[in-house]
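# Chains, contacts and geometry: an overview
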Amino acid sequence: MLILHCPCCGIDADETELTPGGTAHLKREGPGSSDEAFERYLFLRENPRGVHFERWRHAHGCGKWFHAARCTMTLEVFGTYSAQTHAPPREILDRIAERRPQERREVA
Amino acid sequence: MSDVATPLADASFDGFVSVSEAPRTGMISLRGDLSDTALREVCGAVTGAAFPASRGASLDGSHGVLWMAPDEVLLLVAPGSVPDSLDRIGTALSDRHHLAVDVTDARALISVDGLGVRDVLAKLTPADVSPGNFGPGELRRTRFAQVAAAFWMPTEDSARVICFRSVATYVFDLLCHAAAPGGEVGYYR
């Protein structure tokens, strides 16, 4: 059972209260972008066996979106954070680096 | 004027706890900046209850303020005073971005009373309802079986469940089934 802490209302929400929202920190390529950039955005996603940054919505609770860092292999959760950001916060990245020193992560 | 029909027509059920439709209560959904003093003051003026903290349920009798989300509260008032309350909110917040809607007839309110009320809730929701984690003064928005619902506990031995009117019968039947005689769990005693 996956339990994520909702940073918006402070509840440790059960998976069944949440709605998944896919990969976080994607930059949408809109009108005016090149075909290559749009292809990269739409199809060429990284899908590592390991830590993912995901969007989740506390749908049956406060209804707000938030982000979570989670390993899809082991279901280990490294933390959740506000969705009002462009990149994962430092402490989440530090926690991942501490627990997974072998994983190199290229995040701005 | 035609008679007002409550969602469950005052249904009630006696199991190891009693389940019944609560008396019709006026409900106003208010969204805005909850840190705003004017918003907090008008909530207090309309309901007579203090403004709750995050995830709080601040009640004065059957009236009060329920914290629903970081930008949303639900006000419980007398059914007859809803139009007047909306006027007062509109006046107090006229220069601020906000939304106040009468949802009295869009929600159903169910009372669950008796020893073992926590067991009945725990059968239906993934929320932690253990005494150390949830109690009077708090509100929990969550899921009851397949639908969204919220609940709070006026006392240790009673709970109020609020859900959408369209699923009122479903939630009422769930609670009755969970409270059926012979279904006592006795875990939270």
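Structure report, in brief. What you see is a predicted model; the values in this text were computed from it and never measured.

### Observations concerning the sheet that holds strand 5 (residues 65-71) of chain A
Sheet strands associate in pairs through backbone hydrogen bonding, adopting either a parallel or an antiparallel arrangement. Residue and element names in this part refer to chain A. In spatial order, the strands read 3-4-5-6; together these 4 strands make up an open sheet with antiparallel pairing. The strands lining the two open edges of the sheet, one partner per strand, are strand 3 (19-23) and strand 6 (77-82). If you compare each strand with its neighbour and ignore which way they point, the axes differ by 30° on average. In the sheet, strand 5 pairs with strand 6 via 5 bridges, with the strands oriented antiparallel. Counterpart to Ala68 in the pairing with strand 6 is Thr80. Against the sheet, helix 2 (residues 90-99) makes contact with strand 4 (51-57), strand 5 and strand 6, and its axis sits at roughly 170° relative to strand 6, the strand it touches most.

### Looking at helix 3 (residues 117-124) of chain B
Residue and element names in this part refer to chain B. In terms of burial, helix 3 is a largely internal element, 6 of the 8 residues being buried. Residues of helix 3 that are buried include every one of Val117, Arg118, Asp119, Val120, Leu121 and Leu124, and no others. If you follow the buried residues of helix 3, they end up packed against strand 8 (107-113), strand 9 (139-144), strand 10 (147-155), strand 11 (158-164) and helix 4 (168-178).

### What about helix 1 (residues 37-47) of chain B?
Residue and element names in this part refer to chain B. All of the buried residues in helix 1 are Ala38, Leu39, Val42, Cys43, Val46 and Thr47. The buried residues of helix 1 occupy one face: seen down the axis, they fall within an arc of 145°. Close packing links the buried residues of helix 1 with strand 3 (26-31), strand 5 (63-69), strand 6 (72-77) and helix 2 (82-92). Two to three positions downstream of the cap, the backbone nitrogen of Ala38 sits 3.3 Å from a side-chain oxygen, assigning the N-cap of helix 1 to Asp36. In the segment just after helix 1, Gly48 is the residue with positive phi, at about 80°.

### Quick look at the packing of aromatic side chains
Under the criterion given, the structure shown has 4 aromatic pairs over all chains. Seen from their ring centres, A:Phe38 and A:Tyr41 are 5.9 Å apart, and the 50° between their planes marks the pair as tilted. Placement of the pair is A:Phe38 and A:Tyr41 together in helix 1 (residues 35-42), with a separation of 3 residues, close to one helical turn. When its relative accessible area of 18% is taken as the criterion, A:Tyr41 is described as buried. On the basis of an interplanar angle of 70° and a centroid distance of 5.8 Å, the ring pair of B:Phe144 and B:Phe151 is categorised as edge-to-face. By relative accessible area, which is 0% here, B:Phe144 ends up buried. Residue class for B:Phe151 comes out buried when judged on its relative accessible area of 0%. Put simply, the rings of B:Phe134, B:Phe144 and B:Phe151 pair up and form one aromatic cluster.

### Looking at the interface of chain B and chain A
Taken residue by residue, the interface counts 15 residues in chain B and 12 residues in chain A. Carbon and sulfur atoms make up 52% of the area that chain B and chain A hide from each other, which totals about 1,000 Å². Sorting the residues of chain B by area buried against chain A places B:Arg55, B:Arg140 and B:Arg143 first, and these three jointly supply 40% of that buried surface. With its nearest N and O atoms 3.2 Å apart, the salt bridge here joins A:Glu17 to B:Arg140. Applying the counting criterion to the chain B and chain A interface returns 7 residue pairs in polar contact (both at pLDDT 80 or more). Elements that contribute at least two residues to the side of chain B that touches chain A include exactly strand 5, strand 9 and strand 10 of chain B. Looking at which element gives the most residues to the side of chain B that touches chain A, the answer is strand 9 of chain B, with 4 residues. The residue inventory of the side of chain B that touches chain A, partitioned by class, reads 8 nonpolar, 1 polar and 6 charged.

### A few points about the packing of helix 3 of chain B against helix 4 of chain B
Residue and element names in this part refer to chain B. Closest axis-to-axis distance for the helix 3/helix 4 pair is 9 Å, and the angle between their directions is 120°. In terms of orientation, helix 3 and helix 4 fall into the oblique class. Handedness of the crossing formed by helix 3 with helix 4: right-handed. Here Val120, Lys123 and Leu124 of helix 3 come into contact with helix 4, specifically with Leu174, Leu175 and Ala178. In terms of residue class, the contact of helix 3 with helix 4 is made up of 5 nonpolar, no polar and 1 charged.

Parameters and conventions
- Residues numbered from 1 in each chain as written.
- Chains lettered and ligands numbered in written order.
- Predicted model: local features only at pLDDT ≥ 70, side-chain atom pairs only at ≥ 80, totals over all residues.
- Heavy atoms only, no water.
- Pairing = 2+ DSSP bridges.
- Helix = DSSP H or I, 4+ residues; strand = E, 2+ residues; numbered from the N terminus.
- Axes fitted to C-alpha atoms, helices over the stretch in contact; angles between N-to-C directions.
- Contact = heavy atoms within 4.5 Å.
- Buried < 20%, exposed > 50% of the residue type's maximum accessible area, 1.4 Å probe, protein only.
- Arc of directions from axis to C-beta.
- Polar contact = N/O pair within 3.5 Å; in protein donor to acceptor, adjacent residues only side chain to side chain.
- Phe/Tyr/Trp six-rings, centres within 6.5 Å; stacked < 30°, edge-to-face > 60°.
- Buried area = accessible area lost by both parts, 1.4 Å probe.
- Salt bridge = Lys/Arg side-chain N within 4 Å of Asp/Glu carboxyl O.
- Nonpolar A, V, L, I, M, F, W, Y, C, P; charged D, E, K, R; others polar.
- Parallel < 35°, antiparallel > 145°, perpendicular 65-115°, else oblique.
- Left-handed = near helix turned anticlockwise from the far one by under 90°.

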